[in-house]
Amino acid sequence: MMKISSLIACIVLFISSWRTVNGQLCPAFYEKTCPSALSTIKAAVKQAVAKEKRMGASLLRLHFHDCFVNGCDGSILLDDTPTFTGEKTAAPNNNSVRGFDVIDNIKSKLEAVCSGVVSCADILAVAARDSVVELGGPSWTVMLGRRDSTTASQGSANTSIPAPTLNLTALISSFRAQGLSTTDLVALSGSHTIGQARCTNFRARIYNETKINTLFASSLKANCPSASGSGDNNLAPLDRLTPTFFENNYYKNLKSQKGLLHSDQQLFMGGSTDSQVTKYSLDQNTFFKDFAAAMVKMGNIKPLTGTKGQIRKNCRKPN
Ligand code: HEM
Ligand SMILES: *[C@@H]1O[C@H](CO)[C@@H](O)[C@H](O)[C@H]1NC(C)=O
Ligand SMILES: *[C@@H]1O[C@H](CO)[C@@H](O)[C@H](O)[C@H]1NC(C)=O
Ligand SMILES: *[C@@H]1O[C@H](CO)[C@@H](O)[C@H](O)[C@H]1NC(C)=O
Ligand SMILES: *[C@@H]1O[C@H](CO)[C@@H](O)[C@H](O)[C@H]1NC(C)=O
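A quick note: this is a predicted structure, and the numbers were derived from the prediction, not measured.

Calculation criteria
- Residues numbered from 1 in each chain as written.
- Chains lettered and ligands numbered in written order.
- Predicted model: local features only at pLDDT ≥ 70, side-chain atom pairs only at ≥ 80, totals over all residues.
- Heavy atoms only, no water.
- Helix = DSSP H or I, 4+ residues; strand = E, 2+ residues; numbered from the N terminus.
- Rg over C-alpha atoms; globule rule 2.2 N^0.38 Å.
- Buried < 20%, exposed > 50% of the residue type's maximum accessible area, 1.4 Å probe, protein only.
- Contact = heavy atoms within 4.5 Å.
- Areas by Shrake-Rupley, 256 points an atom, 1.4 Å probe, with all protein chains shown as cover.
- Lys, Arg positive; Asp, Glu negative; His and termini not counted.
- Charge placed at Lys NZ, Arg CZ, Asp CG, Glu CD.
- Salt bridge = Lys/Arg side-chain N within 4 Å of Asp/Glu carboxyl O.
- Arc of directions from axis to C-beta.
- Polar contact = N/O pair within 3.5 Å; in protein donor to acceptor, adjacent residues only side chain to side chain.
- Near = heavy atom within 4 Å.
- 1 Å grid on protein atoms, 1.4 Å probe; cavity = no way out; pocket = protein on both sides within 12 Å on 5 of 7 lines; lining within 4 Å.
- Sits in = over half its atoms within 2 Å of the grid points.
- Nonpolar A, V, L, I, M, F, W, Y, C, P; charged D, E, K, R; others polar.
- Domains from an automatic or database assignment.
- Donors = N, O, S within 2.8 Å, 3.2 Å for Na, K, Ca; no water.
- Buried area = accessible area lost by both parts, 1.4 Å probe.

> What's the story with the overall build of the protein in this structure? I'm lost.
Within the protein one finds 14 helices and two strands. The C-alpha atoms of the protein give 19 Å as radius of gyration, which agrees with the globular expectation for 319 residues (20 Å, within 12%). Judged by the C-alpha coordinates and their principal axes, the protein covers about 60 × 45 × 35 Å. Within the protein, buried positions represent 51% of all 319 residues. Of all intrachain contacts in the protein linking residues separated by at least 6 positions in sequence, the fraction that spans at least 24 positions is 74%. By element, 55% of the accessible surface of the protein is carried by carbon and sulfur atoms, the whole surface being about 13600 Å². Considering the protein, the positive charge centre built from 35 side chains and the negative charge centre built from 23 side chains are found 1 Å apart.

What follows is the structure, encoded as structure tokens:
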């Protein structure tokens, strides 16, 4: 599971005052400085998901939207202020991303047991894994040692987070720009086997597209009026059958033209990714293995390590 290099980084860590080596993350980062960090996060995620299953999906998405904007640095968690406009109100996030209260709750618990030690960016990475596990998906070893940014970029959030209107070529480029492969794109998109989307993001698909199951499209129209501006925030499950279970049903949906988003169906429309979709639809173990590997890769996007950034005391604002 772990690469030899990360094991070495962790060993060196023990003798070099708790800094990541050469900017590398490692799984044991908090073992000495905050031994209860992982169990604290897991318990809080378990509680939040028990209260509302969708929260597992929302927490997974937060980590994705954090990592795609200048790396996994907790930037998405910074609140707007009168003098600062951050990522929360960027186009892909506004009225859409959620789970900030859960992260605040985790952060305050961690500050109580080991103040100033666990970064908000690492909380997001661990909470994403714990959420997937809680909803029945695969587990993986989360690499740790990310530090938090002191700023955020709305412009970069607007352009770096892929839009649901993208075609396959553009989706591949968007992931490629983050160092993620086409295989990673197809595996990570399996996240859409949980959670919900707003009418504004699938309206054009259900009213205007032909590569969609007709009954599926018409059943969605009842709660998503065609006129732009009406019912924009009405929700529909990304996987209609089992929206709170993490399995390979997403890929089965794509095979029957029941992808909710335009971008979802792009992965199975006669193009280069069809075979991978078919494979995952038939073989959940391979999907789980590839998904876990891709999550580790995504979690490695441009982390702030060493003396860069800071450990925020409150995830909503720089120290
Ligand atoms: C491949 C490109 C992707 C596109 C275009 C995309 C787009 C979207 C859109 C439009 C929504 C619905 C948002 C709303 O209507 O408010 C959504 C939801 C979601 N996305 Fe993605 N997404 C992509 C990849 C990913 C990845 C890589 C992950 C995680 C690793 C992910 C996790 C989720 C989850 C879990 C939800 C449901 C969130 C909730 O219910 O709160 N997505 N996505
Ligand atoms: C975010 O959503 C709110 C409420 O719908 C809206 O008033 C605001 O203009 C939106 N912000 C941006 C930057 O689009
Ligand atoms: C990001 O997109 C929103 C919504 O389209 C827009 O209001 C805002 O000005 C954009 N921000 C930047 C910095 O480009
Ligand atoms: C995909 O979208 C891009 C950007 O909108 C466009 O330039 C390109 O022609 C599209 N490619 C295909 C194959 O439709
Ligand atoms: C469907 O396409 C037509 C023609 O391009 C456009 O006028 C209409 O607004 C679209 N409807 C939706 C719901 O996207």
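Structure's up, so let's keep going.
> Would you mind showing me how to read the pattern of salt bridges here?
In this structure the tally under the stated criterion is 15 salt bridges. Residues Asp-104 and Arg-316 are paired through a salt bridge, measuring 2.6 Å at the closest nitrogen-oxygen approach. Note that Asp-104 is positioned in helix H4 (residues 100-113) and Arg-316 in the segment after helix H14 (284-299), a separation of 212 residues in sequence. According to the relative accessible area criterion, Asp-104 is partly exposed, its value standing at 24%. Three or more residues are tied together by salt bridges with common partners; here these are Asp-79, Lys-88, Asp-101, Asp-104 and Arg-316.

> Would you mind showing me how to read helix H7 (residues 168-176) here?
An α-helical turn contains 3.6 residues, so a residue and the one three or four places further along point in the same direction. Looking at H7, one finds that the buried residues are Leu-168, Leu-171, Ser-174 and Phe-175. Down the axis of H7, the smallest arc covering the buried residues is 125°, so these residues share one side. In the core, the buried residues of H7 are packed alongside helix H3 (54-67), helix H6 (154-160), helix H8 (182-189) and helix H12 (262-266). Capping of H7 at its N-terminal end is provided by Asn-167; its side-chain oxygen lies 3.2 Å from the backbone amide nitrogen of Thr-169.

> Could you clarify how one ought to interpret the site of ligand 1 in this entry?
Surveying the vicinity of ligand 1 reveals 25 residues, the closest of which are Ser-58, Ser-96, His-192, Arg-198 and Asn-201. Within the contact set of ligand 1, an oxygen atom lies 2.7 Å away from a side-chain nitrogen or oxygen of Arg-54. Residue Ser-58 places a side-chain N or O atom 2.7 Å away from an oxygen atom belonging to ligand 1. Among the cavities detected, the one that contains ligand 1 is the largest pocket. Counting residues per element, the ones that place at least two in the shell around ligand 1 are H3, H7, H8 and strand E1 (196-198). The dominant element in the shell around ligand 1, judged by the number of residues it contributes, is H3, at five residues. Across the shell around ligand 1, the residue classes tally to 13 nonpolar, nine polar and three charged. Inspection of the shell around ligand 1 shows a minimum of three residues originating in each of domain 1 (22-162) and domain 2 (168-296).

> What's the story with the coordination of the iron atom of ligand 1 in this structure? I'm lost.
Expected angles at a metal are 109.5 degrees for tetrahedral coordination by four donors and either 90 or 180 degrees for octahedral coordination by six donors. Among protein atoms, the single one acting as a donor to the iron atom of ligand 1 is His-192 (NE2), 2.1 Å away. By the secondary structure assignment, His-192 is in the loop between H8 and E1.

> Got a minute to help me understand the domain arrangement of the protein in this structure?
Where interface size is given, it is often the accessible area lost as the parts come together that is meant. Annotation of the protein at the domain level lists domain 1 (22-162) and domain 2 (168-296). Measuring from the centre of the C-alpha atoms in domain 1 to the corresponding centre in domain 2 gives 23 Å. Across the contact, 23 residues belong to domain 1 and 19 residues belong to domain 2. For the pair domain 1 and domain 2, the summed buried surface comes to about 1700 Å²; carbon and sulfur atoms form 70% of the total. At the junction of domain 1 and domain 2, the tally comes to zero salt bridges. The tally of links between domain 1 and domain 2 comes to two residue pairs in polar contact (both at pLDDT 80 or more). Of all the elements in the fold, those that place two or more residues in the side of domain 1 that touches domain 2 are H3 and helix H5 (120-134). It is H3 that provides the largest number of residues to the side of domain 1 that touches domain 2, a total of six residues. Grouping the amino acids of the side of domain 1 that touches domain 2 by side-chain chemistry returns 12 nonpolar, nine polar and two charged.

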